[in-house]
Amino acid sequence: MEEVDVDPAVTPIPGINVARGRLGFVWGPGDILVYESFSPAAAPLGGPFCQDVYAVRKDEDIYSPVLRKLFNESHHIFVGLQKITFDLPSKTKKTQFVSISKNYRSVIRACMEEVQKLAVSTCESSLAAQYGNQVSILLAVELIWNLCEVLFIDAAQAGSLLLHLLDWVRLHKADVDEKAREVLQYESPANHEAFWDVVISFVLQGRMDEARSVLDKQVSQQPAARSIFKLMDSLLMKMPIYNPGSTQTLTEFDVKWRRWHEECNRCLQDGSFASNQHLLTICKILVCDVDTLLEHKELLSTWYHFLVTRLLYSHPTVKPIDLHYYAQASMDMFMDTHSAPEPLDSILMAAFEFDLHQVIKDCSIALNNWWFVAHITDLLDHCKLLQSHNLHFGSNLREFLLLEYASGLFTHHSLWQLAVDYFDHCPEFGRVYLELQIERVPLDTERKALKVLRICEQRQMTEQVRSICKIMAVRALRNNRLGSGLSWTIRAKDAAFATLISERFLQDYCSKGSFSDLDLIDNLGPSMLLSDRLTFLGKYREFHRLYGENRFSEAAKLLLSLMTAKIAPQNFWMTLLTDALPLLEQKEVIFSTEQTHELMNCLEELISVKAVENQDHLMQVTSVTNPTFCHCVPEHLTLCCSRGTAPVACTVRVPDAYKGSIQ
Amino acid sequence: MDSINAKYVSQKISKVRWRPVSSAALQQPEVFATGSWDNEDNKVSVWSVGECGGAGEDAFEGDPQLLCELRHAGDVLDLQFLDQDRIVTASSTGAVTIFRHHHNNQTLSVAQRWDKAHRYPCDNAPCTGVACSSPELVSVGEDGRVVLFRVDQSGILRTIDNADSSTIHAVTFLRTTEVLTVNSIGQLKLWDFRQQGNDPAQILSLTGDRVPLHCVDRHPNQQHIVATGGQDGMLCIWDVRQGSMPFSLMEAHSAEMWEVHFHPSNPDHLFTCSEDGSLLHWETSTGSDAPSFLQGGRNSTIVSRSSAAPAGGNQSLISAWLSGDSTKGRLETTHMLPSQTLSVNSLDVLGQCLVCGTDGEAIYVNSRVPI
């Protein structure tokens, strides 16, 4: 048994009295059904038992209308990602992966903004809380994704690594911009109470130009201190920033940076800023005075912001491999000793430690749906970052997570269509999953059935195609829609069922005396060959048409061939023979001698067979061309035949039993 | 393709239709209606592109904004505008419903409903299509019935039982008394309501193929020209006056073609969409010097070819769609959507504006279709 990482969450089900009895449950693909099971001990007491069955959903998010947009849009990106071919040069591939990662993130952002709007506009407090919760989850997801993008997908190296981390922090600590706008719009910005907070926040994020432009507002207020403001301005301006595109090497940059750092230190040492408390603080930040940084916890708000600021002013050329060391130290310094790290903190820490599997595992536990882990694992797998890891169940991590996510989608009444593409890209078990799930899609309309069929046909899932067509055919039959039923059967190429429906058509014909659904039967074409009985139905109808068009000799030939080639079922022969009567009675000769002979043979064969069997069959047969003849067909036919073919000896032994039944 | 605008709407869209604009004003359409399918609660929704009142160029840049919506019992299998403020829908429950859109307070209400217009002896049958020719309305369904209504009467005017042995997928008016239906065994049937009885006036089919047809549209100016789309994604052009065979067959999509539309004012352009996730724009040049099969036809003798091109830009009587080998060279097709995997279920085009809805729960609006 695997050890359980965290205790499972308890979900109380309203309406179920746990104290009273036991709970029974049945696993579904996404939901479980829960009911109060019968307890023999409690039964004699006569306690009333609840007969309700509860559907317990594992994944509520799937039913959120806003998140549906996330699922649909990311499906599109996912499919695009799977199309990236493996033979691309790794450089272009990497840029593509990064841009795909950004697409995913922008979808998360768009979704988050929409939920935020909803949260603001709703009046219901419980709903607003729910939305607020969703926003914070989406925020966290985007934060983690962004970090993974920097560390794993883009795999930024020393120098540019810090630039990316700065972008990451700036993106997720955007309240500075709002505050800055507020300050700058104030009538005298320099006197705004949040003025210095804004300047320091900019400095903490390394946004020097913005810090300088805000600081400029203060200069006009304090002409006396102009010189120290100018000094600070030049310090901020001069801070070297690594430019990965330039010819400058990392070492050159490092030398330049150290020189700047020393200059800052010098300014601090010689007390240049001693006269101004705020500028002194900024200078201390520039030289990375940890105590000063920790004094601004509110402005930093998180340990990872603290980490990035620290790196910016102490180790701008930090290597990825050293990152975890600084991260751990920053977290320890920033957090109170008694507060345990939140799940988000440990996930980010795992990322800084480059422990991908820990990130995925922690996210799977912490988040309430599979969307995030499935998509990011897929992307990381495309970047070839997950290959060493094998699961001792299922196939691999990527496929396992995708299957979980897609199975969840499949339980949704509408999103099931998206899941199909995910299953397609799971090489090992995807098809089996799809086969099992697709048959369970409820088919309310033919249009939906056609869509499901198209999915199956594109994937050569013949078994499922047959089953779906059969469902539709049976349903059509139940509603007395023989034509529709036959169409479905032909599509499924289901010979046995085609025979069954053809029988129904023939029965209908026998009882009504006319064919229904002529538009279909007349246009069977090659599909007529699907089953013998269907062929007979089509051909027999063709005989009727020829007869109706007065093409007697062709009709006669066809009629005879239906019997001699054994296409017609034997219990239908009497009808066919009866149909031959009017042809025999025509003025001109239609059946040749030879054909008449064959006709007689057929009659004889039929009678000899029928003599043995129950004669009920014979009595039931009716003929449209001449129904009243039924009772005396054999004798009448013999007579007609002998009239037409004098040289042929026409003796048909009519069994006594048969004669009796006629009378 | 730059001017295409996508909006995710959290429901699979089965139908989209522009609200008609008055022909007098050279207006671009601004409002369209959508119907959803396969949801627990399906809806009819009305959307607006661009700000209300402003019909300027920039007004179109905006996202479609939801004006109002109303629950719809069952999947919306078809949806048509009857006039400026009435919408007719076909439901998978077999009902035909008329909705009224109140412009002043942006609400929708049910104005008229015929429950169980389509049914089996002991079950409902989905109604698959409706067509309007005010004040008359025709619906078709999986039960193979053709039902005729009058908008202002609650009763049913006429029912043709067993009009088809299989499912009828779509219907369109050819003239006021004639409708054309397509069915799931590849036939077109022409029904004339002046005739009594349950037999079609004419049956057209692709002999032997039996490929189901899913959509049909009539040429806006020449009522005998009809386009259909089928399960194999083929586009067929038919001349209902001539023979029972299609005039031309063109390979268009790799899966079911769900809808085909001639451009209402410039019918040399045609649009198709399909289960394969693509939307095609077909353009044929009229080429007046091209020999046409129809030139000797009975109806074309009245107007000579020289008078067929007046300054007003009227359509030449001989349609480019019927001019002999239109399949080769002079027919151009363009993909209108970026790569897309899920079905495009419906489209509508009016003026320079095109809208389509997909199973990917997105609505695409293109306001600069090169017409």
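Conventions and cut-offs
- Residues numbered from 1 in each chain as written.
- Chains lettered and ligands numbered in written order.
- Predicted model: local features only at pLDDT ≥ 70, side-chain atom pairs only at ≥ 80, totals over all residues.
- Heavy atoms only, no water.
- Helix = DSSP H or I, 4+ residues; strand = E, 2+ residues; numbered from the N terminus.
- Contact = heavy atoms within 4.5 Å.
- Areas by Shrake-Rupley, 256 points an atom, 1.4 Å probe, with all protein chains shown as cover.
- Pairing = 2+ DSSP bridges.
- Axes fitted to C-alpha atoms, helices over the stretch in contact; angles between N-to-C directions.
- Salt bridge = Lys/Arg side-chain N within 4 Å of Asp/Glu carboxyl O.
- Buried < 20%, exposed > 50% of the residue type's maximum accessible area, 1.4 Å probe, protein only.
- Phe/Tyr/Trp six-rings, centres within 6.5 Å; stacked < 30°, edge-to-face > 60°.
- pLDDT = per-residue confidence, 0-100.

Draft legend 1. Focus on the overall build of chain A. Assigned secondary structure in chain A consists of 32 helices and 3 strands. When contacts within chain A are restricted to residue pairs at least 6 apart in sequence, those whose partners lie at least 24 apart make up 63%. When the accessible surface of chain A is summed, it comes to about 32,300 Å², and 53% of that surface belongs to carbon and sulfur atoms.

Draft legend 2. Highlighting the sheet that holds strand 7 (residues 86-91) of chain B. Residue and element names in this part refer to chain B. With antiparallel pairing, 4 strands are arranged side by side in an open sheet as 6-7-8-9. Each edge of the sheet is formed by a strand with only one pairing partner; in this case those strands are strand 6 (76-81) and strand 9 (107-114). The average angle at which neighbouring strand axes cross in this sheet is 25°, direction not considered. For strand 7 and strand 8 (residues 96-102), the ladder comprises 5 bridges, and the chain directions are antiparallel. Across the sheet, residue Arg86 finds its bridge partner in strand 8, namely Arg100.

Draft legend 3. Main features of the sheet that holds strand 14 (residues 146-150) of chain B. Residue and element names in this part refer to chain B. The strand order across the open sheet built from 4 strands is 12-13-14-15, with neighbouring strands paired in antiparallel fashion. The outermost strands of the open sheet, each flanked by one partner alone, are strand 12 (127-133) and strand 15 (156-160). Strand-to-strand twist in this sheet, taken as the mean axis angle between neighbours without regard to direction, amounts to 20°.

Draft legend 4. A look at the pattern of salt bridges. All names here are of chain A. Scanning the model with the defined rule gives 50 salt bridges over all chains in all. A salt bridge links Glu263 to Lys238; its shortest N-O distance comes to 2.8 Å. One end of the pair, Glu263, is in helix 9 (residues 250-269); the other, Lys238, is in helix 8 (residues 226-238), with 25 residues separating them in the sequence. Using a relative accessible area of 40% as the deciding quantity, one classes Lys238 as partly exposed. Of the charged contacts, one joins Arg431 and Glu435 as a salt bridge, the two residues approaching to 3.0 Å between their closest N and O atoms. Taken as a pair, Arg431 and Glu435 lie in helix 20 (residues 430-438) at a separation of 4 residues, close to a single helical turn. Given the relative accessible area of 24%, Glu435 is considered partly exposed. It is possible to trace a salt-bridge network through shared partners that takes in Asp522, Arg541, Arg545, Glu549, Arg551 and Glu554.

Draft legend 5. Geometry of unusual backbone geometry. The amide bond that connects Ser134 of chain B to the next residue, Pro135 of chain B, takes the cis arrangement and shows omega of 5°. Here Pro135 of chain B shows up in the loop between strand 12 and strand 13 (136-141). A positive phi angle is found at Phe354 of chain A, which is not glycine, with a value near 60°. Relative to the elements of secondary structure, Phe354 of chain A occurs in the loop between helix 15 (343-352) and helix 16 (356-366). Taking relative accessible area as the criterion, Phe354 of chain A reaches 33% and is therefore assigned partly exposed.

Draft legend 6. Seen up close, the packing of aromatic side chains. Evaluation of the coordinates by the stated rule reveals 32 aromatic pairs over all chains. An angle of 65° between the planes, with centres 5.1 Å apart, marks the rings of Tyr325 of chain A and Tyr326 of chain A as edge-to-face. Note on Tyr325 of chain A: relative accessible area 54%, which makes it exposed. The exposure class assigned to Tyr326 of chain A is buried, which follows from its relative accessible area of 13%. Note on Trp114 of chain B and Phe149 of chain B: the rings are 4.5 Å apart at their centroids and 35° apart in plane angle, and the pair reads as tilted. Taken together, the positions of Trp114 of chain B in strand 9 and Phe149 of chain B in strand 14 put the pair 35 residues apart, joining distant regions of the chain. Of the two residues, Trp114 of chain B and Phe149 of chain B, both sit in the buried class.

Draft legend 7. Examining the confidence of the model for chain A more closely. A residue-level look at chain A finds 86% of positions with pLDDT of 70 or above and a mean pLDDT of 83. For residues 617-631 of chain A, every residue scores under 50 in pLDDT, and the model assigns this stretch 32 contacts once sequence neighbours within four places are set aside.

Draft legend 8. How the structure looks around the confidence of the model for chain B. Residues and elements named next belong to chain B. Residues of chain B with pLDDT of at least 70 account for 83%, and the chain-wide mean is 83. The low-confidence segment residues 52-60, where pLDDT is below 50, has 15 contacts with residues more than four positions distant or belonging to other chains. Here residues 287-317 is modelled with pLDDT under 50, and outside its nearest four sequence neighbours on either side it reaches 36 contacts, counting other chains as well. Interface predicted TM-score (ipTM) for the complex: 0.88; the corresponding pTM is 0.84.

Draft legend 9. Seen up close, the pairing of strand 21 (residues 225-230) of chain B. Residue and element names in this part refer to chain B. Judged by how many residues are buried, strand 21 sits mostly within the fold: 6 of 6 residues are covered. Side chains Ile225, Ala227 and Gly229 of strand 21 all project onto a buried face; the interleaved residues Val226, Thr228 and Gly230 project onto the opposite face, where all are buried too. Two strands pair when backbone bridges link them, and strand 20 (residues 213-218) and strand 21 are joined in this way by 5 bridges, in the antiparallel orientation. Directly across from Cys215, in strand 21, lies its bridge partner Gly229. In sequence, strand 20 turns back onto strand 21 through a hairpin of 6 residues. Strand direction decides the pairing type here: strand 21 and strand 22 (residues 234-239), joined by 5 bridges, are antiparallel. Bridge pairing in strand 22 places Val226 opposite Trp238. The antiparallel pairing of strand 21 with strand 22 creates a hairpin that spans 3 residues between the two strands, and Gly233 there sits at a positive phi of about 80°.

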